[in-house]
Amino acid sequence: MAQEVKDNPVSTAREGAVAVLTLQSGPVNALGSGLRQGILTAFEAAEADPAVKAIVLIGGGRMFSAGADISEFGKPQSGISLPDLLNRVEASTKPVVAAIHGNALGGGLETALACHYRVAVPSAKVGLPEVKLGILPGAGGTQRLPRVVGPRKALEVIVGGSPIGAKAAAGMGLIDELAPEDSLRAHAVAFAERVIAEGRPLTKIRDRNDKIAEGRESPGLFAAFREENARKTRGFEAPEACIACIEAACRLPFDEGLAFERAEFQKLVSGTQSAAQRYVFFAERQAAKIPDVPDDTPARPIARVGVIGAGTMGGGISMNFLNAGIPVTIVETKREALDRGLKTIRTNYENTAKKGRLRPEDVETRMGLLSDTLELEKLAECDLIIEAVFEDMGIKKEIFSKLDRIAKPGAILASNTSYLDIDAIAAMTNRPADVIGMHFFSPANVMRLLEVVRGEKTAKDVIATAMQIGRKVGKIPVLVGVCHGFVGNRMLAERQREANRLILEGVTPWDVDRVIYEFGLPMGPFTMSDLAGLDIGWSRETNKSESVRDLLCEQDRRGQKTGAGFYDYDARRKATPSKVTEEIIAKVAERQGVKRRDATDQEILERTLYPMVNEGAKILEEGKAIRASDIDIVWINGYGWPVYRGGPMFWADTVGLPKVLERLRAYQAEYGDAFKPSALLERLAAEGKGFKDL
Ligand code: 3H9
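Residues numbered from 1 in each chain as written. Predicted model: local features only at pLDDT ≥ 70, side-chain atom pairs only at ≥ 80, totals over all residues. Heavy atoms only, no water.

As annotated in an unreviewed UniProt entry, the protein chain carries the name 3-hydroxyacyl-CoA dehydrogenase and is attributed to Methylobacterium nonmethylotrophicum. Annotation of the protein chain in UniProt includes, under Subunit (unreviewed entry), the sentence "Monomer." (UniProt positions renumbered as here; feature names shortened; annotations may be inferred.)

As C-alpha cells, then:
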C-alpha cells in the first residue's frame, strides 16, 4: 500500500481487503481544496493497491460532510474540482461504499451518490440544501438524485432543500442499508466485504435510467411543481435553475446533463443572489458571537420560565418554551384574560395537530407544562421572567419593582418591550445587572428573530443566557443596544414615515405596497398596518383626526379585523383598494397643504428604503448593533426582508454607497433632514468602501 501522505486530512486504515478512508477536516468536513485533494490522494493509493478490494468512505468527528466549503465560492478554484473528483470516484475499478453519520449535505451527499453503495445510521440526515445558498447541487446532485428517487421526489429534495432522515432516505432507495448507531464503521466494512464476496457489479447511478422515465412520460409534473411552489420561490433564481437541471436529467444523456448542471451552477454562483444567501449563512452564525461575552461564559440554568401577560405576545412567547419542554408559569391580572390566553394557546396547538404537524398527545404534554395564575408572587420559582404586557412605561416600571421583591436571587428579569428604555426599567430594581430585553416578533411562536437588548448594566452571563435560551427555543437571537425601537423597529419607523409622506403626495398606498412587495418583502407598509391593526396606540379621545390613520380609525376602518383599513377586505380577507381611503388621504393632504405629484417606482423604493439604510448606519455609529450583518439578520428574520437581497445593509452595498448617498442628499434638499446622510455612510462612500468592510 502507498505511503500515507503526511498532513492528509484523509486517513487510511486497512481492514482485511477493505481500505477505510476517514475524512477529518474541521468541524463539518467541508469539502475545501485540501480535503478534495486529500480524498483524491488516499483514493488513488487505495485503488492502486492490489490488496485492496473495496473502499469505505467515512467521516471522522460529528458528521460525514456538510458539503462544499461555502467560503471558497467566489474565489479562484485551486486543485481538483468536486465534480471531477466525484467522477473519478464513480469510475473506480473497486466498489466504494459511503458510510454516513451526522450529516451528508450538499456536496457531502453528492459524494455519497458518486459511491457505488451507501450505508447510514438511522440518526443521519441527508439532503441537498444548496438552493438555500442561492445555488444548486453542482457536483452531479441534480443528475444523480433523480436517477435514484425519481424526478418528483428529487424536485422536493432539491428545490425544498430540507434534509431528510436516513430512514426516509432508505425508504426512497437513497440509502442501501441502515447500520446500528454505534457500529457504522464495522457495519460498512462488513457490507463492503459482502459486496466483494458476492462479486456484486459496480453499480453506478449514472447508468440508471428506470426512475427518470417518469420525467419523460409525464413532463407536466414540472409545470405542476412550478405552479405549486410559485409563492414560496417568488423572486429566487435558484429554484428555477434546480428544476431546469432535473428536467435536463430526464431529457439528456448523463454527461450532457452534467454539463448543463455545471453551466447553471456557474451562473448562479457568480450572481448577486447567491452572494447574498451565502453571506446570510455566515452572518447568522456570526450573530451568535459577542466580542466581550466569550462563548464559554457560563449561562445561568433555566428550568422554569415566567411570562407576564397572556395576550398575543405573552401566549406566543410561552409556546416557544413549552415547545422546547421548558415549564412556563403564565400570569394575568384578570381570570377572563387568562382563560382567553390559555384557550388561544390550546387552539394553536390543536390546529397544528390537525394539520398533522404535531401528535395529538403532544398537545396535552405541552399544555401540561403550562401553569397559570393571577398572582405575580407565583413567579418566585422562575429562573427567567419575561414581561409581555402592553407598551406603557408606567406599568412596566411597576411590574419590575414588584418583580424585584418577588423573583429569586439570580433570576433573569426580561422585558419584551419593542421600543422602551431597558435601562429605565432596570433602574426600578436593585438588580439592574439581571435585567435584559428579550424582544420577540409577532407571531412570537413563529417568527425566528429575537432581539436581545443589552442594558447599560446587564451582566455578561445574563446576555449569554438570553442568547443561549433563545437558540434553544429555535430563535435567531441578535444582540442590540438600548435605543427607541432597537434595531428593527427603529429602522421600520423610517420606512413608515416616508410611506406616509408619499401617500399624501399622491402615490396610492397600493402602489407603495406593490413596489415593496415586488422588491421581495412579504407585504408593504399599508398591508402590514392593516394586518397589525391601525388602532394600536390609537384612542378616539386622544387623537384629534390629524392623520390618515386617525381618520380611518374614526370610521372604524381599523384594519383586517374590522373588514376595512387602508384596504377593503372581503369575508376571506382578500384586499381591494379603497376609494374611501383615497378620499381621506386627499382630504388630509389638502388640509396639510401637501403638493400632489407623481412618483416613479424607483423613487418609491429609494424614499422608503434608503432612509432605513441610513438609520442602520446611525445604529452602527452609535454602537447599538455589533455589526452590519447583525442588522441584516434582524431584517431577514423579523420582517421578511428577501434573503436573496442579503438584508438592507448588504443590499445597500450592492447598490453602491455613493449612489445611496447621492440620492439621500437629493431628498434631503427637497424634504429636509430626515434624509441627512449619516457620517458613517459619508465616510464609507468617500473611501470607496461598503458596510461589508467594517
Ligand atoms: C455545496 O455543497 C455545493 C455543491 O453542490 C457543488 C460544489 C461544486 N462550508 O452550522 P454550524 C461552518 S454547498 C464552510 O455552527 P451545526 C460554520 O460556518 C454546501 N463552512 O454547526 C461554522 O463555523 P464557525 C451545501 C461551513 O452543528 C462551523 O462550520 N451544504 C459549512 O449547528 C459549524 O457549523 C450546506 O449548505 C460549509 N459547507 O450545523 C450545509 N458548513 O464555527 C451547511 C458549516 O466558524 N451547513 N460550516 O461559526 C449546515 O447546514 C450546518 O453547518 C450543519 C451543522 C447542519 C451541517
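Helix length check: helix α17 (residues 393–406), at 14 residues, gives a terminal C-alpha distance of 20 Å against a target of 20 Å (1.5 Å per residue), a fit within 8%. Those residues of α17 not exposed but buried are Lys-396, Ile-399, Phe-400, Leu-403, Asp-404 and Ile-406. What you see down the axis of α17 is that its buried residues fit within an arc of 165°, all on one side. (Helix = DSSP H or I, 4+ residues; strand = E, 2+ residues; numbered from the N terminus. Expected span 1.5 Å × (residues − 1). Buried < 20%, exposed > 50% of the residue type's maximum accessible area, 1.4 Å probe, protein only. Arc of directions from axis to C-beta.)

What follows covers the domain arrangement of the protein chain. When cut into domains, the protein chain gives domain 1 (10–270), domain 2 (305–484), domain 3 (521–592) and domain 4 (601–623 + 626–693). The straight-line distance from the C-alpha centre of domain 1 to that of domain 3 is 53 Å. (Domains from an automatic or database assignment.)

The positions UniProt marks with the feature "domain: 3-hydroxyacyl-CoA dehydrogenase NAD binding" (unreviewed entry) are residues 305–481. Annotation note: span residues 305–481, helix share 41%, strand share 21%, distance between end C-alpha atoms 24 Å.

Around the ligand sit 30 residues, and of these Arg-62, Gly-107, Glu-110, Glu-130 and Arg-285 come closest. Contact between the ligand and Arg-62: an oxygen atom at 2.6 Å from a side-chain N or O atom of the residue. Broken down by secondary-structure element, the contributors of at least two residues to the shell around the ligand are β5 (103–105), α3 (107–114), α12 (254–269) and α13 (272–286). In terms of residue count, α13 provides more of the shell around the ligand than any other element does, three residues in total. Considered class by class, the residues forming the shell around the ligand number 18 nonpolar, five polar and seven charged. (Near = heavy atom within 4 Å. Polar contact = N/O pair within 3.5 Å; in protein donor to acceptor, adjacent residues only side chain to side chain. Nonpolar A, V, L, I, M, F, W, Y, C, P; charged D, E, K, R; others polar.)

What follows covers the packing of aromatic side chains. All told, the structure shown has 17 aromatic pairs when counted by the stated rule. For the pair Phe-519 and Trp-641, a centre-to-centre distance of 5.1 Å together with 75° between the ring planes defines the contact as edge-to-face. Here Phe-519 is found in helix α21 (residues 509–519), whereas its partner Trp-641 is found in the loop between α26 (628–639) and α27 (648–655), with 122 residues between them in sequence. Of the two residues examined, Phe-519 and Trp-641, each falls in the buried class. (Phe/Tyr/Trp six-rings, centres within 6.5 Å; stacked < 30°, edge-to-face > 60°.)

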